[in-house]
Amino acid sequence: MSTAGLEQELRTAAARLRDDRGAKGCVDSNSRELLETIRILLAVREPLARWLDEQARYVAASGMYDVLAVDVARALNGTGEPGPGQDGHITDRHSGSALYEELRLLDGGEGW
């Protein structure tokens, strides 16, 4: 991948970390460890985003890159929503979009 492509990948990952649209809510889990992990990840969002931005500037200025930074960026950029039954699937039972989806399915899957 070109240095411009690496720079873009790093900046995209930083932007994904900073994107908190709709990130307000609560997490209901019987796993203290999971809740602790979420709390820790939320705490490192901004420092990690700043580090990725700094790595993008470094790539742009020098043409060299940190392999770990690229690995982290690719992991963040490659994270999608797993389907039902897959590891990491999130069941949203309380938001407006979850309620809309439930009503849509009750209506035979047709959109309104």
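Before reading on, note that the structure itself is shown above.
Each value, and the rule that gives it
Residue positions within a chain follow its written sequence, with the count starting from 1. Side-chain atom pairs in this predicted model are given and counted only at pLDDT of 80 or more, local residue features only at pLDDT of at least 70, and totals for whole chains, interfaces and linings cover all residues. Side-chain measures were taken over the full set of non-hydrogen atoms in the model, leaving aside hydrogen atoms and water. Every helix listed is a DSSP run of H or I at least four residues long, and every strand listed is a run of E at least two residues long, numbered separately from the N terminus. Type-normalised accessible area, obtained with a 1.4 Å probe on protein chains alone, sets the label of each residue: buried when under 20%, exposed when over 50%, and partly exposed for intermediate values. Convention adopted: a line fitted to C-alpha atoms gives each axis, helices being fitted over their contacting stretch, and angles between N-to-C directions are expressed from 0 to 180 degrees. For classification purposes, an angle smaller than 35 degrees is called roughly parallel, one larger than 145 roughly antiparallel, one from 65 to 115 roughly perpendicular, and anything else oblique. The crossing is said to be left-handed when, going from far helix to near helix, the turn is anticlockwise and less than a right angle, and right-handed when the turn is clockwise. Contacts between residues were defined by any pair of non-hydrogen atoms, one from each residue, lying within 4.5 Å. Three classes are used, and their members are as follows: Ala, Val, Leu, Ile, Met, Phe, Trp, Tyr, Cys and Pro are nonpolar, Asp, Glu, Lys and Arg are charged, and the others, Gly among them, are polar. The working definition used for a salt bridge is a side-chain nitrogen of Lys or Arg within 4 Å of a carboxyl oxygen of Asp or Glu.

> Account for the side chain of Gln55, naming residues and giving values.
Turning to its location among the elements, Gln55 is positioned in helix 2 (residues 32-62). A residue is classified by how much of its surface remains accessible, and Gln55, at 12% relative accessible area, is buried.

> Requested: an account of the packing of helix 1 (residues 3-18) against helix 2, with residues and values cited.
The geometry of helix 1 relative to helix 2 is characterised by a closest axis approach of 8 Å and an angle of 165 degrees between their N-to-C directions. Overall, the two elements helix 1 and helix 2 adopt an arrangement that is roughly antiparallel. The interaxial crossing formed by helix 1 with helix 2 has left-handed handedness. Across the interface between the two elements, Thr3, Leu6, Glu7, Leu10, Arg11, Ala13, Ala14, Leu17 and Arg18 of helix 1 pack against Arg45, Glu46, Leu48, Ala49, Arg50, Leu52, Asp53, Gln55, Ala56, Arg57, Val59 and Ala60 of helix 2.

> Give me the lowdown on the packing of helix 1 against helix 3 (residues 67-77), citing residues and values where you can.
The interhelical angle for the contact between helix 1 and helix 3, taken along N-to-C directions, is 55 degrees, at an axis separation of 9 Å. Taken together, the axes of helix 1 and helix 3 are oblique relative to one another. Seen along the crossing, helix 1 lies across helix 3 with a hand that is left-handed. In contact with Leu6, Glu9, Leu10, Thr12, Ala13, Arg16 and Leu17 of helix 1, helix 3 contributes Ala69, Val70, Ala73, Arg74, Leu76 and Asn77. When its residues are assigned to classes, the contact of helix 1 with helix 3 shows 8 nonpolar, 2 polar and 3 charged.

> Can you tell me about the pattern of salt bridges, naming the residues and giving the values?
Counting across every chain of the model gives 6 salt bridges. Salt-bridge contacts for Glu46 lead to Arg18; the nearest nitrogen and oxygen are separated by 3.1 Å. With Glu46 in helix 2 and Arg18 in helix 1, this residue pair connects regions lying 28 residues apart in the sequence. Assessed through its relative accessible area of 34%, Glu46 is described here as partly exposed.

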